[in-house]
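For reference, the chains in residue letters:
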Amino acid sequence: MKQYEVFELQFSGKTINEDYAEIPLFAAFCCDGESKTVKGFYDGDGVYKVRFLPEKPGEYTWKVSGAVSAEGHETCEAADGVHHGLVKAVDTHFEYEDGKLFAPFGTTVYALAHQEDALVEQTLQTLKAAPFNKVRLCVFPKDYDYNHNEPPLYAFEKNADGSWDVNRPCLAFWHRFEAILDRIVAMGIQVDLILFHPYDRWGFDTMSQADNLRYLSYLLCRLSAKPGVWWSLANEYDVSQGKVLRDWEEIECFVAENDPYGHLLSCHNCFCFWDAERPNITHASIQTKGLTEIPRWIAKYNKPVIIDECCYEGNLPHFWGSISAQEMVYRFWRCVASGASCTHGETFLAEDEVLWWAKGGALKGESPERIAFLREIIESLPGPLTPLANGGMLTLAQMESEEMEAALEQIPEKMRGFVRSIAASIRRMEVDDRTAHIAGEHEWAAHAGEDAYLWFNDRQCFGEQTLPLLEDKHYRVELIDVWNMTRSVLAENACGPTLLRLPGKDGLAVLATRID
């Protein structure tokens, strides 16, 4: 037994051919006076399994009861420095259980596991060389544009009438599916596992709620001891034709209550956001192009925010699948420079209909290497980024009156009346108009405490820029060309308000890193 690694007990018993999705099999693991009980599962051919994730080293006793009876003792070795445990939400960022920071740089391959073996292998080899440390993929196959193939296996066996029998999981499917997940996780990539989705012609989206929960129970028994897996309740939950809001809420509660370890849990939207303020939800998983609102969402939820769908690099005849590589890169920078994370996808037309976003294969776009460049920068920072209030005129104008008057003391007296006039104008605007108007003058800025500051100037072509650095701290200031992937030092020992001369082009970022 090793800390942060799956520990599996396997037993031989009675062969079951019917109704084996949920069996009476339990195991209690005790260490230092603490006990955790987990459920086991039937794995075919008279094989019964219990999986456990030891989250601390020490001496463990275990006792199995139900369909199998057994007990034993194990010594759990301390983590080896390679395995870090579950990724957890901490404040508005992510960390592994051992405290190592985790900054998600995700990609999307929805139907990865529902392709033939050769294509799956190609996809895994591509992922191994790609810059991504998170991948979104589905348990169930997908039926949508450019997604018309039949999968090699399904999650359940069928009844005589052709309907799905969730009481009889297809064990060949689950063995193959787990093998794919395990290989991805072994690459250092987290699997954001999508439990349901509406793009379906097989009937998985319209199963009864009882069948939904039976399926989830079996999945959780098999997979919850795997530390590299997250739960995404759905992709685009709000356009499902088989579930209403109360069904989704019940599913959310069921997953949270039946996961012994507290994996990350989210729910992805098409239009209406899932309520990330709900206590079971660990972070916000959002589809949007309105990235200027990220600081507001972070403040509202006080949880990490991942823009899991911001459109895809490609050339499809759809708005969501036809942004340029440069725009994809800029969207990543906008998210990161707002204290959030972003997820990639790629959708280039292909005669064989093998598009990365759905089936995988090979990456064709120009954004991944530039996402790798960004990831290297972010992972070198001394801490996680959070939104930086720019303190500009628009920020002042949106404050409540008393707060604004106090803040006005910090700006020249001749400007105060002008700011008051702007504030009065903004307050008269319709809320929707106000949001759209102010978004056009948004500053992309974030900081890691007082140790690092990041500005992404996006489409602005500044010839000069003044950084509001602290007077009593010293910083190395770099100019970053996000497309050409270059870094150049502009100042070695900057402090206080610092005027920079810039080349007057778009796609530049400025990074100030503390040196004292």
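Conventions used here
Residues numbered from 1 in each chain as written. Predicted model: local features only at pLDDT ≥ 70, side-chain atom pairs only at ≥ 80, totals over all residues. Heavy atoms only, no water. Phe/Tyr/Trp six-rings, centres within 6.5 Å; stacked < 30°, edge-to-face > 60°. Helix = DSSP H or I, 4+ residues; strand = E, 2+ residues; numbered from the N terminus. Buried < 20%, exposed > 50% of the residue type's maximum accessible area, 1.4 Å probe, protein only. Lys NZ or Arg CZ within 6 Å of the ring centre and 35° of its normal. Pairing = 2+ DSSP bridges. Axes fitted to C-alpha atoms, helices over the stretch in contact; angles between N-to-C directions. 1 Å grid on protein atoms, 1.4 Å probe; cavity = no way out; pocket = protein on both sides within 12 Å on 5 of 7 lines; lining within 4 Å. Points joined across faces, edges and corners; volume = space filled by probe spheres on them. Nonpolar A, V, L, I, M, F, W, Y, C, P; charged D, E, K, R; others polar. Expected span 1.5 Å × (residues − 1). Arc of directions from axis to C-beta. Salt bridge = Lys/Arg side-chain N within 4 Å of Asp/Glu carboxyl O. Disulfide = S-S within 2.5 Å.

A few points about the packing of aromatic side chains
Here is step 1 of the chain: If you walk through the whole model with that rule in mind, you get 40 aromatic pairs.
Here is step 2 of the chain: Both rings, one in F140 and one in F156, keep their centres 6.1 Å apart while their planes meet at 55 degrees; by these two values the pair is tilted. Of this pair, F140 sits in the loop between β12 (134-138) and β13 (156-158) while F156 sits in strand β13, placing them 16 residues apart in sequence.
Here is step 3 of the chain: The exposure class of F156 is buried, given its relative accessible area of 4%.
Here is step 4 of the chain: Centre to centre, the rings of W174 and Y218 are 5.8 Å apart; their planes meet at 70 degrees, and the pair counts as edge-to-face. In this pair, W174 sits in helix α2 (residues 171-186) while Y218 sits in helix α3 (residues 209-223), placing the two residues 44 residues apart along the sequence.
Here is step 5 of the chain: Grouping aromatic residues by their ring pairs yields a cluster made of F140, Y154, F156, W164, F196, F204, Y215, Y237, W248 and W274.
Here is step 6 of the chain: Lying over the aromatic face of W164, K158 brings its terminal NZ or CZ to 4.9 Å of the ring centre.
Here is step 7 of the chain: Above the face of the W483 ring, R370 is positioned so that its terminal group lies 3.7 Å from the ring centre.

Digging into the sheet that holds strand β2 (residues 25-31)
Whether parallel or antiparallel, the strands of a sheet pair through hydrogen bonds between backbone atoms.
Here is step 1 of the chain: Within the open sheet, the 4 strands sit side by side as β3-β2-β6-β7. Their pairing is antiparallel. Looking at the sheet topology across the chains shown, the edges are occupied by β3 (34-39) and β7 (70-76). Averaged over all pairs of adjacent strands, the angle between strand axes in this sheet comes to 20 degrees, irrespective of strand direction.
Here is step 2 of the chain: Note that strand β6 (residues 58-66) and β7 share 7 bridges and pair antiparallel. In the sheet register, E59 faces β7, and the bridge partner there is T75.

Here's the deal with the layout of surface pockets
Here is step 1 of the chain: Put simply, the largest pocket is a space of about 850 Å³.
Here is step 2 of the chain: Looking at the largest pocket, it is lined by 30 residues, and the ones nearest its centre are T292, R296, T395, Q398 and I438.
Here is step 3 of the chain: Ranked by residues supplied to the lining of the largest pocket, first place goes to helix α11 (residues 431-439) with 5 residues.
Here is step 4 of the chain: Here the lining of the largest pocket is composed, by residue class, of 14 nonpolar, 8 polar and 8 charged.

Examining helix α1 (residues 117-129)
Here is step 1 of the chain: For α1, with 13 residues, the first-to-last C-alpha span of 19 Å sits near the 18 Å given by 1.5 Å per residue.
Here is step 2 of the chain: Buried within α1 are the following residues: L119, V120, T123, L124, T126 and L127. End-on, the buried residues of α1 take up no more than an arc of 160 degrees, which puts them together on one face. Seen from the buried face of α1, the exposed residues on the opposite side, beyond 90 degrees, are D117, A118, K128 and A129.

Structural notes on the pattern of salt bridges
Here is step 1 of the chain: Within the structure shown, the criterion is met by 40 salt bridges.
Here is step 2 of the chain: Across the pair E22 and K39 runs a salt bridge, and its minimum N-O distance is 3.3 Å. With E22 in the loop between β1 (7-12) and β2 and K39 in strand β3, the pair connects residues that are 17 residues apart, well separated along the chain.
Here is step 3 of the chain: A salt bridge links R334 to D458; the nearest nitrogen and oxygen atoms lie 2.9 Å apart.

Brief notes about the sheet that holds strand β18 (residues 284-287)
Here is step 1 of the chain: With parallel pairing, the 8 strands of this open sheet are ordered in space as β17-β16-β15-β12-β11-β21-β19-β18. Every interior strand has two partners, whereas the edge strands, β17 (265-266) and β18, have only one.
Here is step 2 of the chain: Taken together, the 5 bridges between β12 and strand β15 (residues 190-194) define a ladder with parallel strand orientation. Within β15, the residue paired with C138 across the bridge is I194.

Remarks on the state of the cysteines
The bond known as a disulfide is covalent and runs between the sulfur atoms of two cysteines.
Here is step 1 of the chain: Scanning the entire structure with this criterion turns up 0 disulfides.
Here is step 2 of the chain: The thiol of C342 is not disulfide-bonded; the next cysteine sulfur, from C310, is found 3.6 Å away.

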